[in-house]
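Geometric and topological summary
Each chain, letter by letter, is given below.
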Amino acid sequence: MFLVQYKNLSCLLLLLFASYVTANETENDNFQFSGFATLGAVYTDSDHHGYRKNVGSDGAVYSGEVDFKQHSLLGLQADWSISSGFDAVYQGVLRDLPEPSLDRYTTLAFLRYKVNANWSMRFGRTAPDLFLLTEYRDVDFSYIWATAPNEVYGIIPFRSIDGADITYSQRGYGGIFKTKLFAGSSEGEITGSSFVEKVKIKDIIGVSFSYDHFNWIIHAKHTQVTIDNEPQANTLLIEAITQVPDFLWPNSKVFAESLLMTGEEVNYSSLSGQYQWQNWLASAEWSHIASDSEVIPKITSGYTALSYQLNAHQFYGIYAFTESDNYVFDEPGVNEEVLEELIHGINGVMNFYAANQQTISLGWRWDITNSLASSLQWNYTKLEEEGSTLWLNESDHNEAENINTFFLTLSMIF
């Protein structure tokens, strides 16, 4: 019901924006239009693991290929100051998606009410407040790197939340304290080599705390969600397991029920910060995923980054990691020889989210103008066995591998 209401709100906002511009072609001081774009090229040297920007991408880059889809995008944003207390924002981002639609391209569509200098509320579609780069995750020009570390930013398929949030801001000790409470629902896609799974979450409730000083910031965030649908791969696997006779697997039905994901809770916690002194900028982000689901393991991820600015050039390095436990089938009383193919499928589903890798990155950013920048980055990734969640694997090759990936991006704001 809320999703239908949101789509109606989005259409209403678009109509309001269009009518306002038409009626105020010469007097549109309250209306602002802006945009951002990135042209990004990616090259990698792996024949088995295809690079992709996040788990929602159904395309990937393999050895010998130069790809322009993964990191290229065009974003447009409209801001309308309706009155002294009300404003509306619409943002659409054109990018490569497994299931393109106006709904998926729409990243922001909300009404904001500023109660006073301290309190504000938003209703509609907003960005999920999970990351250090939450508010400008898609605006590549706004951060130094050619791409944010996949280890933290690539595992979450949700780009927005349909709901509401309330923020309290207070100045103190030379900076600004902010507390945000948000709630809603969301949809996203998780893809594999031969499937696209739509994942729905509901009962999202999250809180974030931040302190922004003139040269450093720190964020602490926690979000809890409930899985709202059963992935098709789970459903098919559960049906196959329940058909196994007792003499081959005595407790197959109990195990099958443990794979159900609908109604299970997932928690995401993160701590991040940034500090700037002279020409140096240091940043770090740590996150942890825990759930009640047997299918989603505990995942701990993070990165540290350091950059140095020399005139219009910035040189940087990043160390990033993600780790989780791998599942190994070890159920008692099972005839593993007869059920070998089924067990292989169980291991695949149970380890789908088990990301295990480390990446060292070196890069150079050049601010060509005040609104145009280029970034060149090299990633060296040590991928552990059975840890390739963030990559696209078109075969059963799940062995450990060391992979080089190169990025060249040209980003701009206008």
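Residues numbered from 1 in each chain as written. Predicted model: local features only at pLDDT ≥ 70, side-chain atom pairs only at ≥ 80, totals over all residues. Heavy atoms only, no water.

1. Brief notes about the pairing of strand β16 (residues 357-367)
- Where strand β15 (residues 313-324) and β16 come together, ten bridges link them in antiparallel fashion. What sits directly across from F321, in β16, is Q358.
- Sheet analysis places β16 next to strand β17 (residues 372-383), joined by eleven bridges and oriented antiparallel. Within the sheet, the bridge partner assigned to Q357 lies in β17 and is L383.
- Taking the residues that link successive antiparallel strands as the turn, the β16-β17 hairpin has four residues. (Pairing = 2+ DSSP bridges. Helix = DSSP H or I, 4+ residues; strand = E, 2+ residues; numbered from the N terminus.)

2. Observations regarding the pattern of salt bridges
- By the definition in use, this model includes 15 salt bridges.
- Two residues, R104 and D103, come together in a salt bridge whose shortest N-O distance is 3.2 Å. Accessibility classification places R104 together with D103 in one group, the buried group. (Salt bridge = Lys/Arg side-chain N within 4 Å of Asp/Glu carboxyl O. Buried < 20%, exposed > 50% of the residue type's maximum accessible area, 1.4 Å probe, protein only.)

3. Topic: the packing of helix α4 (residues 232-242) against helix α6 (residues 340-350)
- Closest axis-to-axis distance for the α4/α6 pair is 11 Å, and the angle between their directions is 145°. When the axes of α4 and α6 are compared, the crossing they make is left-handed. Between α4 and α6, the contacting residues are N234, L237, A240 and I241 on the first element and L342, G345, I346 and V349 on the second.
- Considered class by class, the residues forming the contact of α4 with α6 number six nonpolar, two polar and no charged. (Axes fitted to C-alpha atoms, helices over the stretch in contact; angles between N-to-C directions. Left-handed = near helix turned anticlockwise from the far one by under 90°. Contact = heavy atoms within 4.5 Å. Nonpolar A, V, L, I, M, F, W, Y, C, P; charged D, E, K, R; others polar.)

4. Structural notes on α6
- Regarding α6, the residues found buried are L342, I343, I346, V349 and M350. Take α6 and look down its axis: the buried residues cluster within an arc of 120°, on one side only. Those residues of α6 that are exposed and angled more than 90 degrees off the buried face are E340 and E341.
- As for α6, its buried residues are in contact with α4 and α5 (252-258). (Arc of directions from axis to C-beta.)

In short, geometric facts, not functional conclusions.
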